[in-house]
Amino acid sequence: METILKTAEAAARKAGAYIVEALSELRQVDYKGRVDMVTDVDRGSEAIILDCVREAWPEHAILAEETGANQLRSDWRWIIDPIDGTTNFVHGYPFFCISIAVQYRRQTVVAVVYDPVHDEMFTAVRGQGALLNGKVIQVSQTAELSKALLATGFPYELGDRWHRAMDYFKLFYYRTHGVRRDGAAALDLCYVAAGRFDGFWEFDLKPWDVAAGLLLVEEAGGRVSDLKGNPSGLDDGQVLVSNGGLHAQMLEVLSGLPLE
Ligand code: IPD
């Protein structure tokens, strides 16, 4: 597992250096949806990571945001987001990251999330705890929702679910110290793992947005579920994470307005 972690870390660092270099340059932006953007730098970052993975682990399966899945059948699968927080990147707002998860038989066992602007490398290996730049991190001890700082994100497409996301925002905003919308789900999850946020929820997320961050939260002692408190699968798209102590209180708030 250590060698896989090393490959993932090295790939994230290499891609991170490339992204930071490109930050001040004009970039080519294409639209996947109304505001869902992809840039030449997302594609370049993904190419760098894929090269590193293919060179070290040519037989492993890969699922990556911009190029999709390779056709290899393997117990091992890499799940890659070359820039999580593309909107932030496009605007030069320094909150984006590279997210790399490695699964064995569909269970995430290695997680790397790298914020290249702040040079923060979040890593986890299942059963071995969570680290930030090599130092152990843990979720917060906040016990009351009224003293919590939370984070969330909103679906790109306007519609019923977008309105529901706004409703949730209002519900939590009113009951806590505040709710941040920082625009990079993978980093939001790491901030829960590091105790900077006490909880996070979002729906309409993709596996590459959350695969690494969810393991980091678990390994930092937090709790992970869907918005109803059931185990959360990567393909469900909805996650609720917390420091554990706040989970029931967050679920109670969400139960007032069920998603479907
Ligand atoms: C997005 C970010 C954002 C979340 C969106 C994601 P992308 O990922 O994680 O915080 O609200 O749902 O799609 O598109 O920047 O990789």
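Residues numbered from 1 in each chain as written. Predicted model: local features only at pLDDT ≥ 70, side-chain atom pairs only at ≥ 80, totals over all residues. Heavy atoms only, no water.

Enquirer: Explain the UniProt feature "binding site: Mg(2+)" (unreviewed entry) in the chain here, please?
Expert: Taken from the UniProt record, the annotation "binding site: Mg(2+)" (unreviewed entry) applies to Glu65, Asp81, Ile83, Asp84 and Asp209. The named residues occupy 145 residues along the chain; their greatest pairwise C-alpha distance, 9.5 Å, places them in one compact cluster. As for the annotated residues named above, the ones lining the largest pocket are Glu65, Asp81, Ile83, Asp84 and Asp209. Position of Glu65 relative to the elements: it lies in the loop between strand E3 (61-64) and strand E4 (68-69). Residues within four places of Asp84 in sequence aside, it is in contact with Phe96, Cys97, Ala184, Ala185, Ala186, Leu187 and Asp209. A polar atom in the side chain of Asp84 sits 2.9 Å from the backbone nitrogen of Ala185. (UniProt positions renumbered as here; feature names shortened; annotations may be inferred. 1 Å grid on protein atoms, 1.4 Å probe; cavity = no way out; pocket = protein on both sides within 12 Å on 5 of 7 lines; lining within 4 Å. Helix = DSSP H or I, 4+ residues; strand = E, 2+ residues; numbered from the N terminus. Contact = heavy atoms within 4.5 Å. Polar contact = N/O pair within 3.5 Å; in protein donor to acceptor, adjacent residues only side chain to side chain.)

Enquirer: I tried to follow the site of the ligand on my own but got confused; where do I start?
Expert: Surveying the vicinity of the ligand reveals 15 residues, the closest of which are Asp84, Gly85, Thr86, Gly183 and Glu202. A distance of 3.2 Å is found between an oxygen atom of the ligand and a backbone nitrogen or oxygen belonging to Gly183. Alone, the ligand offers 370 Å² of accessible surface; in the complex the protein occludes 95% of this. Among the elements that make up the shell around the ligand, the one with the highest residue count is strand E5 (residues 76-84) (3 residues). There are two domains that each give the shell around the ligand at least three residues, and those are domain 1 (2-137) and domain 2 (145-255). (Near = heavy atom within 4 Å. Areas by Shrake-Rupley, 256 points an atom, 1.4 Å probe, with all protein chains shown as cover. Domains from an automatic or database assignment.)

Enquirer: Just checking my understanding: could you explain the domain arrangement of the chain for this structure?
Expert: By a widely used convention, the size of an interface equals the accessible area lost when the partners come together. For the chain, the assigned domains read domain 1 (2-137) and domain 2 (145-255). Put simply, the middle of domain 1 and the middle of domain 2, counted by C-alpha atoms, are 21 Å apart. Each partner contributes to the interface: domain 1 provides 42 residues, whereas domain 2 provides 27 residues. Note on domain 1 versus domain 2: buried area summed over both sides is about 2600 Å², and carbon and sulfur give 64% of it. Summed over the shared surface of domain 1 and domain 2, the number is 2 salt bridges. Between Glu120 and Arg196 there is a salt bridge whose closest N-O contact spans 2.9 Å. Our enumeration of links across domain 1 and domain 2 arrives at 9 residue pairs in polar contact (both at pLDDT 80 or more). (Buried area = accessible area lost by both parts, 1.4 Å probe. Salt bridge = Lys/Arg side-chain N within 4 Å of Asp/Glu carboxyl O.)

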